[in-house]
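The primary structure of each chain is shown beneath.
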Amino acid sequence: LPVLLSTGIKLGAVIAGAPLLVFAGLETVENALIGAALFFLYRQARRVAPAPRKRWLAVDRRRVLREGVPLLLGSLAVLIYMRSDILLLGKMAGYRAAGIYSAAAQITEGCALFPMAFLPALFPILVRWRKRGLVFYRQRFEKLFLGASLAGFGIALGLTITAPWIVSLLYGPAYAPAVSILRIHAWSAIFIYLSIMQLGYEVTEGLTWLGAPRTAAGATLNIALNVAFIPRYGAAGSAFATLI
């Protein structure tokens, strides 16, 4: 509800031609509303839950911290390598190139919204699979990874073919150079989908500590490749760096 409300207000601000500062304020308001909604749900859950469970609540908090901190660090690393390319492009190739690249990247990232929204609903299913035995669990996860790969491949192929129409429809002719960027960047959708499934596996298996160093290594490699590719290939080099 807070996200839908905020999105509606943002659309109204776009139609009204509101200044950029208004949208920055709306981002803050949206996050505050989401936090308030989560706090309200937490209070409601505590109110209806049985009272005598203080002991396991304390244990659960420690477990949440132990498994949640690596996820937090991993998310921070993902944020770094998803935004460092735009910052480096702006500094090394100019802000026009950064804008063109950002327009293409937003399309690919938008295609990851569905599996990200699906992931919270997937966790209970993964737990049920795990309880039915390791062989059954692994067989189901193989199919899940295969499905994610095929979905990512379909998205990448579709974006590659329809890139001129999508860019023209969303941004207009001024963003025509974003077509070639999108045709490269779109293939990262395969690995975005796989990484979302990988996150589900790590949470179910208690392996969240693996995510932080892996994403940190990815962020470091991404920055290094951007520094190497941007002077020679511009925005296309940044798209290749992200894909690699």
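Residues numbered from 1 in each chain as written. Predicted model: local features only at pLDDT ≥ 70, side-chain atom pairs only at ≥ 80, totals over all residues. Heavy atoms only, no water.

### A short note on the pattern of salt bridges
- On inspection of all chains with the given rule, the structure shows three salt bridges.
- Note that Arg83 is salt-bridged to Glu109, the shortest N-O span being 3.7 Å. Separated by 26 residues along the polypeptide, Arg83 in helix α3 (residues 54–92) and Glu109 in helix α4 (residues 95–110) bring together distant segments of the chain.
- Assessed through its relative accessible area of 17%, Glu109 is described here as buried. (Salt bridge = Lys/Arg side-chain N within 4 Å of Asp/Glu carboxyl O. Helix = DSSP H or I, 4+ residues; strand = E, 2+ residues; numbered from the N terminus. Buried < 20%, exposed > 50% of the residue type's maximum accessible area, 1.4 Å probe, protein only.)

### Details of the confidence of the model for the protein chain
- Confidence in the prediction of the protein chain, expressed as mean pLDDT, is 83, and 94% of residues score 70 or more.
- Of all the helices and strands in the protein chain, α3 carries the lowest mean pLDDT, 75, while helix α7 (residues 178–185) carries the highest, 93. (pLDDT = per-residue confidence, 0-100.)

### Here we look at the packing of α4 against α7
- In contact at an axis separation of 8 Å, α4 and α7 are set at 40 degrees when each is read in the N-to-C sense. With respect to each other, α4 and α7 are oriented oblique. Both α4 and α7 take part in a crossing whose hand is right-handed. Contacts between α4 and α7 involve Ile100, Tyr101, Ala104, Ala105, Ile107 and Thr108 on the former and, on the latter, Ala178, Ile181, Leu182 and His185.
- Of the residues belonging to the contact of α4 with α7, the class tally is eight nonpolar, two polar and no charged. (Axes fitted to C-alpha atoms, helices over the stretch in contact; angles between N-to-C directions. Parallel < 35°, antiparallel > 145°, perpendicular 65-115°, else oblique. Left-handed = near helix turned anticlockwise from the far one by under 90°. Contact = heavy atoms within 4.5 Å. Nonpolar A, V, L, I, M, F, W, Y, C, P; charged D, E, K, R; others polar.)

### Regarding the environment of Tyr171
- Inspection of the secondary structure puts Tyr171 in helix α6 (residues 134–171).
- It is 50 Å that separates the C-alpha atoms of Tyr171 and Gly133, two residues lying 38 residues apart in sequence.
- Ignoring anything within four residues of it in the chain, the contact list for Tyr171 reads Ala103, Gln106 and Ile107.

### Section: the nonpolar core
- Core analysis: the biggest nonpolar cluster contains 22 residues, and Leu89, Tyr101, Val167, Ile181 and Leu182 have the highest contact counts within it.
- Residue assignment for this core shows that the elements contributing at least two residues are α3, α4, α6, α7 and α10 (235–243).
- Per-element tally for this core: the top contributor is α4, with seven residues. (Core = buried A, V, L, I, M, F, W, Y, C linked by side-chain atoms within 4.5 Å.)

### Thoughts on helix α8 (residues 189–205)
- Compared with an ideal rise of 1.5 Å per residue, which puts 17 residues at 24 Å, α8 spans 24 Å between its outermost C-alpha atoms and is within 8% of the ideal.
- Within α8, the full set of buried residues consists of Ala189, Ile190, Tyr193, Ile196, Met197, Gly200 and Glu202.
- Check the buried side of α8 and you find it contacts α4, α5 (113–131), α6, α7 and α9 (211–233).
- Gly206, located one to two residues past α8, shows a positive phi value of around 70 degrees. (Expected span 1.5 Å × (residues − 1).)

### Some remarks on the side chain of His185
- Considering the arrangement of structural elements, one finds His185 in helix α7.
- When sequence neighbours within four positions are dropped, the list of residues in contact with His185 reads Tyr101, Ala105, Thr108, Ala239 and Thr242.

### Considering the packing of aromatic side chains
- Within this structure, the stated rule accounts for seven aromatic pairs.
- On the basis of an interplanar angle of 20 degrees and a centroid distance of 6.3 Å, the ring pair of Tyr137 and Tyr201 is categorised as stacked. In this pair, Tyr137 sits in helix α6 while Tyr201 sits in helix α8, placing the two residues 64 residues apart along the sequence.
- Assessed through its relative accessible area of 1%, Tyr137 is described here as buried.
- Look at Tyr201 and you get partly exposed, because its relative accessible area is 25%.
- An aromatic cluster of three or more residues is present, and its members are Tyr137, Phe141, Phe145 and Tyr201. (Phe/Tyr/Trp six-rings, centres within 6.5 Å; stacked < 30°, edge-to-face > 60°.)

### Remarks on α7
- In terms of residue burial, α7 counts as a mostly covered element, since six of its eight residues are buried.
- Buried residues of α7: Ala178, Val179, Ile181, Leu182, Ile184 and His185, and no others.

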